[in-house]
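Letter by letter, the chains look like this.
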Amino acid sequence: MRGRESKTFKVPIDIVGLVLLAAGVGSLQFMLDNGNNMDWFASPLILTLGLTALVCLSFLIVWELTDRHPVVDLRLFKYRNFTIGVLALTVGMFCFFGINVVYPLWLQTTLGYTAEWAGLATAPVGLLAVVLSPLVGRNLNRMDLRAAVSFAFIVFAWTSFWFAGFNTDSTFWQLVEPRLVQGIAIAFFFIPLNQIIIAGLRPDQIASASGLANFFRTLASSVSTAVTVTLWQHRAEYHHAVLAEHVSLGNPGAVDYIDKMHALGLHGAPGFGLIDTIVNKDAYTLAVNDVFWLFGWLFIVIIPLIWLSRPPFNTAAGAGMH
């Protein structure tokens, strides 16, 4: 391939931008990874990290827009397809990764699945994705990429609402089915959307565009992990409080259940411990349903945005390949 090597040029390193990027993203990443365990901004460390990330990333945006050789080419956002594609990718990854985080956590902490069985219930999402991705890749030129990505978001939304219907009595195979179907969406999500992102860009811009898009995808995954787990826990606390209000002598159902426990010899602390376990289990299940509902609606809301992108979508890819 020696004869096909492109010309190389030495350009100055954007040291200021690199330092701001490292400090800002590093602080943000550490804050997101540890915020939930440290009670977020009640912790001086998390508060300091949040302010550091805000200041550094704000200065980074201003600096990169004015520097001649930016480490992150933010000027790419002036291209409509790139901006729309990156936004759709960010929201899509936020929801998709959130599902991948909270789903096995719920299986293990609430339904009592081992790590192995939680993995088996989660893994089928990759089966159809592996089968369909090569087919989608070969037929990109024959499809409207906006329709392909919209189809992916519709399937994501459908399976999210499907997840939201689970209860504590759901069987293993009931839990596996939507994960299997979700694999269809993956094949129509990443490949067509990446094509939209680079559409209309010059060949020399494609590497920067791909790197910046991957950066936002990774950042969305990190934010999703922190937000999803925190939201799940807060919603569980809310549902626990609501359910606990109904465990009283004024509720015939609760009285009947307590009588049955007494008949089985469960009195005092053991009996109340069992009730609390049941309430916790239902509260965390209702909370995870809330999270799935939220993601389902986010998938739907982002669909109209995709149609603001403009064809043709294959020019940049062809140029980049040459």
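Above: the structure in question.
Notes on the structure in this doc start here. (Residues numbered from 1 in each chain as written. Predicted model: local features only at pLDDT ≥ 70, side-chain atom pairs only at ≥ 80, totals over all residues. Heavy atoms only, no water.)

1. A look at the overall build of the protein chain
Rules: To qualify as a helix, a DSSP run of H or I must reach at least 4 residues; to qualify as a strand, a run of E must reach at least 2; elements of each kind are numbered from the N terminus. Between buried and exposed lies partly exposed: a residue is buried under 20% and exposed over 50% of the maximum accessible area for its type, with that area taken using a 1.4 Å probe on protein chains only. Contacts between residues were defined by any pair of non-hydrogen atoms, one from each residue, lying within 4.5 Å. Per-residue and other accessible areas follow the Shrake-Rupley method at a 1.4 Å probe size, with only the shown protein chains counted as cover for residues.
A tally of regular secondary structure across the protein chain gives 11 helices and zero strands. Starting at the N terminus, the α and β elements of the protein chain follow one another as α-α-α-α-α-α-α-α-α-α-α. A buried classification covers 42% of the 322 residues belonging to the protein chain. At a minimum sequence separation of 6, the contacts of the protein chain that also span at least 24 residues come to 81%. Of the accessible surface of the protein chain, which amounts to about 17,500 Å², a share of 67% is contributed by carbon and sulfur atoms.

2. What to know about a nonpolar patch on the surface
To keep things clear, this is the line we draw: In this analysis, a patch consists of residues with relative accessible area above 30% that form no salt bridge, clustered at 9 Å for like charges and at 5 Å for the nonpolar side chains Val, Leu, Ile, Met, Phe, Trp and Tyr. Take a side-chain nitrogen of Lys or Arg and a carboxyl oxygen of Asp or Glu: if they are within 4 Å of each other, that pair is a salt bridge.
A cluster of nonpolar side chains, contributed by I13, I15, L18, V19 and V71, occupies part of the molecular surface with about 490 Å² of accessible area. Relative to the assigned elements, V71 resides in the loop between α2 (44–66) and α3 (80–109).

3. Overview of the packing of helix α6 (residues 145–163) against helix α7 (residues 172–198)
Formally: For helices, the fitted axis covers only the stretch in contact; all axes are lines through C-alpha atoms, and the angles between them, taken along N-to-C directions, range from 0 to 180 degrees. Throughout, the term roughly parallel applies to angles under 35 degrees, roughly antiparallel to angles over 145, roughly perpendicular to angles from 65 to 115, and oblique to all others. A clockwise turn of the near helix away from the far one marks a right-handed crossing, whereas an anticlockwise turn of less than a right angle marks a left-handed crossing. Residue classes follow a fixed rule: Ala, Val, Leu, Ile, Met, Phe, Trp, Tyr, Cys and Pro count as nonpolar, while Asp, Glu, Lys and Arg count as charged, and any other residue, Gly among them, counts as polar.
At a minimum axis distance of 8 Å, the contact between α6 and α7 shows a crossing angle of 155 degrees. One element, α6, and the other, α7, form an angle in the roughly antiparallel class. Pair α6 / α7 crosses with left-handed handedness. Residue composition of the contact of α6 with α7, by class: 22 nonpolar, three polar and three charged.

4. Digging into helix α4 (residues 115–122)
Under the convention used in this document: Comment: arc refers to directions from the helix axis out to C-beta atoms.
What α4 keeps buried is the set A118, A121 and T122. The arc that holds every buried residue of α4, seen down its axis, measures 95 degrees, which confines them to one face. Those residues of α4 that are buried lie in contact with α3, α5 (125–138) and α7.

5. Side note on the side chain of T285
Quick note on the threshold: Here a polar contact is recorded for every N or O atom pair within 3.5 Å, except that within protein the pair must consist of a potential hydrogen donor and a potential acceptor, and residues adjacent in sequence are included only if both atoms are side-chain atoms.
Looking at where T285 falls in the secondary structure, it is placed in helix α10 (residues 268–306). Within the structure, T285 has its side chain in polar contact with the backbone oxygen of K281 (distance 2.9 Å). With sequence-adjacent residues up to four places away left out, T285 is seen in contact with W106, T110, F166, N167 and T168.

6. Some points on the packing of aromatic side chains
This is how it is decided: Centre distance within 6.5 Å is the pairing criterion for rings of Phe, Tyr and Trp, where only the six-membered ring of Trp is used; planes under 30 degrees apart are then read as stacked, over 60 as edge-to-face, and the remainder as tilted.
Within this structure, the stated rule accounts for 21 aromatic pairs. Where Y103 meets F163, the ring centres are 5.2 Å apart and the plane angle is 50 degrees; that geometry is what we call tilted. One end of the pair, Y103, is in helix α3; the other, F163, is in helix α6, with 60 residues separating them in the sequence. Using a relative accessible area of 0% as the deciding quantity, one classes Y103 as buried. Looking at F163, the relative accessible area reads 0%, which means it is buried. One aromatic cluster is present, built from ring pairs that chain together F96, F153, F156, F189, F190 and F299.

7. Thoughts on the pattern of salt bridges
Tallied over the entire structure, the rule returns two salt bridges. Between D144 and R146 there is a salt bridge, and its shortest N-O distance comes to 3.1 Å. On the basis of relative accessible area, D144 is assigned to the partly exposed category, the value being 31%. For R146, a relative accessible area of 15% translates into the label buried. Notably, a salt bridge pairs D290 with R235, separated by 2.9 Å at the nearest N-O pair. Taken together, the positions of D290 in helix α10 and R235 in helix α8 (residues 206–245) put the pair 55 residues apart, joining distant regions of the chain. Under the relative-accessibility criterion, R235 is labelled partly exposed at 28%.

8. Things to note about the packing of α3 against α8
Here α3 crosses α8 at 35 degrees, and the two axes come no closer than 7 Å. Crossing of α3 against α8: the hand is right-handed. Across the contact of α3 with α8, the residue classes break down as 19 nonpolar, seven polar and one charged.

9. Quick notes on the nonpolar core
As a rule of thumb, soluble globular proteins bury nonpolar side chains together. As a reminder, the rule being used: Here, nonpolar core means buried Ala, Val, Leu, Ile, Met, Phe, Trp, Tyr and Cys residues that are tied together by side-chain atoms lying within 4.5 Å of each other.
Y103, W106, L107, F153 and F189 are the most contacted members of the largest nonpolar core, which totals 72 residues. Look past the residues within four positions of F153 in its chain and what remains in contact with it is A88, G92, F189, F299, I302, I303 and I306. By size, the runner-up hydrophobic cluster in this structure holds nine residues, among which are L28, L32, W40 and L219.

10. Looking at α6
Cut-off, in case you're wondering: One less than the residue count of a helix, multiplied by 1.5 Å, gives the span that helix is expected to have.
Helix length check: α6, at 19 residues, gives a terminal C-alpha distance of 27 Å against a target of 27 Å (1.5 Å per residue), a fit within 8%. Where α6 begins, the side chain of D144 points an oxygen toward the backbone nitrogen of R146, at a separation of 2.9 Å.

11. Focus: the environment of N194
You can see N194 is positioned in helix α7. Relative accessible area serves as the criterion here: at 34%, N194 is assigned to the partly exposed category. Distance from N194 to G85, taken between C-alpha atoms, is 7.3 Å for residues 109 residues apart in sequence.

Don't take any of this as a statement about function, it's just geometry.
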